[in-house]
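Structural overview for review
Here is what each chain is made of, one letter per residue.
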Amino acid sequence: MTTMTTTKTLIDNFLNVRRVSTPLVIVRTTDFGAVSKQITEACKDDPIVAWDAASGFVPRNAAGKSALHKLVADDPAGRKPSEFLNQADAMHLAKGIAENSIVLVYNAHRIWNDLTTVQAIWNLRDTFKSSFRSAVLMTTPEAHAPRELDSDTIVLDDPLPAEEQIQKVIEAQCKNAGIAAPKNEQMTKASDALKGLSLFVIEQIVALALRKTGIDMAELWTRKIQAVETTPGATVYKGGMSFDDIGGHDGIKRDLLREIKSKKPVKLVVILDEFEKMLAGASSDHVGDGGVAKDSAQVVLTNMQDHGHRGLIAFGHPGTGKTALAKAMASAADVLCIQADMGAMKGGVVGESEARIRAFFGLVNAIAGDGGAFF
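Treat the numbers as computed from the prediction; the structure is a model and nothing was measured.

**Some thoughts on the overall build of the chain**
- The secondary structure content of the chain amounts to 16 helices and 13 strands.
- C-alpha atoms of the chain, sized along the principal axes, occupy 80 × 60 × 30 Å.
- For the chain, long-range pairs separated by at least 24 residues make up 75% of all intrachain contacts whose partners lie at least 6 apart in sequence.
- When the accessible surface of the chain is split by element, carbon and sulfur atoms take 51% of a total near 19,200 Å².
- On the chain, the mean spot of the 42 positive side-chain charges and the mean spot of the 45 negative ones are 4 Å from each other.

Here it is in structure tokens:
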């Protein structure tokens, strides 16, 4: 599996892999609908069809409708495209679709662990390669292909919306509602409140926050917090603790205030609860967790390094103010404070723990940008 992490957009990368006839493409995204629309618009002359476990095959454009008609013409049972609900049968049928076709497969991560299905997907590789066809396996951001497909797929990550995209959504929603869009600093605050969310969720939250007088910022943040807390292990601190509420610790207070006022503003405070246990597990190959602690520590520290995030390790007895100082820092910077329970991010399925931690960091980086998070 090769993951493309260039600065190009998802569609730019997709067109590149189409150009060289890449047969199996994994797209990790929070919004299947938005990505499908982008692919359909960018490849409008190619037959495009989609498959999911509830709808079977459906066309995405006129050429796709024609391709599906020909595909099922010889089916012995006389089934319609929408009646191919079994994933293995559907992937086997897709092998005969017209040249240059694109087959979008929704929630591929829920079907590819079945032996018959993963074999049917793998069987597409050579026939699709020779005829400029692509199977686009749409998954959630934390998904990872099974080993049977690992060396045969290109992975494209769909980044969460950037500030410019968020502001366009805000402007469009305000225009549709007939109210003035926020300007300058207010627009920046509104877009900051929505970073880390998918475009679809952003559209819904903005719509709910619209008032006759403009956007209700408190409503934006309330909805944002609810969305953030759907991430396993992530809890948003909702208090209003200040440095004045904490006795002593004058030195660390000065250090934290200096970080807030630095050239790189703090946009998010993250508390990694019981991080020392992760570090202890990372130093040993015999902790009995299948390497989860080691991988988790590597993901945390690598992300901090790659994105220029800052932080400190607070060590001391319970009740001495470690967590309180982090919460007060967030209040002083007027940013979110997310408590990350690394234990709660662990899952029972192989690879699930690592995927959850990577998904959490995707959220952190989308909210804070490079250098904006303080751990």
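After that view, the rundown keeps rolling.
**With respect to the packing of helix α1 (residues 10-19) against helix α2 (residues 32-42)**
- Direction vectors running N to C along α1 and α2 enclose 55°, while the axes themselves pass 10 Å from each other. Between α1 and α2, the angle is such that the two are oblique. Crossing geometry of α1 relative to α2 is assigned as right-handed. Within the contact between the two elements, α1 uses L10, I11, F14 and L15 and α2 uses V35, Q38, I39 and A42.

**Quick word on the side chain of S131**
- Within the secondary structure, S131 sits in the loop between α6 (124-129) and β6 (134-139).
- A polar atom in the side chain of S131 sits 2.6 Å from the side chain of R133.
- Dropping the residues within four chain positions of it, S131 is found in contact with E99 and N100.

**Section: the nonpolar core**
- Membership of the largest hydrophobic core comes to 31 residues, with the highest contact counts inside it found for F57, V105 and W112.
- Of all the elements in the fold, those that place two or more residues in this core are β2 (24-28), β3 (48-52), α3 (62-71), α4 (87-94), β5 (102-105), α5 (115-122), α6 and β6.
- Top element by residues in this core is α4. It accounts for 4 residues.
- Once residues lying within four places of it in the same chain are set aside, the contact partners of F57 are V49, A50, W51, L68, P81, S82, F84, A90, L93, A94 and V103.

**Let's talk about the pairing of β5**
- Both faces of β5 are covered, namely the face carrying I102 and L104 and the face carrying V103 and V105.
- Bridging between β3 and β5 involves 4 bridges; their strand directions are parallel. Across the sheet, the residue bridging to A50 is L104, located in β5.

**What to know about unusual backbone geometry**
- Phi angles above zero are rare outside glycine, and H249 is one such case at about 60°.
- A relative accessible area of 35% means that H249 is categorised as partly exposed.
- Even without glycine at this site, D334 takes up a positive phi of about 60°.
- Inspection of the secondary structure assignment puts D334 in the loop between α15 (322-333) and β12 (336-341).
- Residue D334 is classed as exposed on the basis of its relative accessible area, which comes to 66%.

**A look at the sheet that holds strand β10 (residues 234-236)**
- The mixed open sheet is built from 4 strands, whose spatial order is β10-β12-β11-β13. Sheet topology places β10 and β13 (373-374) at the edges, where each strand pairs with a single neighbour.
- Bridge analysis of β10 against β12 gives 3 bridges, and the strand direction is antiparallel. The residue of β12 that forms the bridge with T235 is Q339.

**Digging into α15**
- Taking 1.5 Å of rise per residue, 12 residues should cover 16 Å, and α15 covers 17 Å from first to last C-alpha, within 8% of that figure.
- Buried residues of α15: A324, L325, A326, K327, A328, M329, A330 and A333, and no others.
- In the core, the buried residues of α15 are packed alongside α12 (250-260), β11 (268-273), β12 and β13.
- Following α15 by one or two positions, D334 has its phi on the positive side, about 60°.

**Considerations on the environment of R147**
- Secondary-structure assignment places R147 in helix α7 (residues 147-150).
- Linking R147 and N113, residues 34 residues apart in sequence, is a C-alpha distance of 9.7 Å.

**A word on the pattern of salt bridges**
- Tallied over the entire structure, the rule returns 12 salt bridges.
- Note that R28 and D157 form a salt bridge whose closest N and O atoms lie 2.6 Å from each other. One end of the pair, R28, is in strand β2; the other, D157, is in strand β7 (residues 154-157), with 129 residues separating them in the sequence.
- By relative accessible area, which is 29% here, D157 ends up partly exposed.
- Its salt-bridge partner being K195, residue D192 comes within 3.1 Å of it at the nearest N-O pair.
- Taking the relative accessible area as the measure of exposure, D192 reaches 27% and is therefore partly exposed.
- Residue K195 is classed as buried on the basis of its relative accessible area, which comes to 9%.

Rules used in this analysis
Residues numbered from 1 in each chain as written. Predicted model: local features only at pLDDT ≥ 70, side-chain atom pairs only at ≥ 80, totals over all residues. Heavy atoms only, no water. Helix = DSSP H or I, 4+ residues; strand = E, 2+ residues; numbered from the N terminus. Contact = heavy atoms within 4.5 Å. Areas by Shrake-Rupley, 256 points an atom, 1.4 Å probe, with all protein chains shown as cover. Lys, Arg positive; Asp, Glu negative; His and termini not counted. Charge placed at Lys NZ, Arg CZ, Asp CG, Glu CD. Axes fitted to C-alpha atoms, helices over the stretch in contact; angles between N-to-C directions. Parallel < 35°, antiparallel > 145°, perpendicular 65-115°, else oblique. Left-handed = near helix turned anticlockwise from the far one by under 90°. Polar contact = N/O pair within 3.5 Å; in protein donor to acceptor, adjacent residues only side chain to side chain. Core = buried A, V, L, I, M, F, W, Y, C linked by side-chain atoms within 4.5 Å. Buried < 20%, exposed > 50% of the residue type's maximum accessible area, 1.4 Å probe, protein only. Pairing = 2+ DSSP bridges. Expected span 1.5 Å × (residues − 1). Salt bridge = Lys/Arg side-chain N within 4 Å of Asp/Glu carboxyl O.

Shape descriptors only; they carry no functional weight alone.
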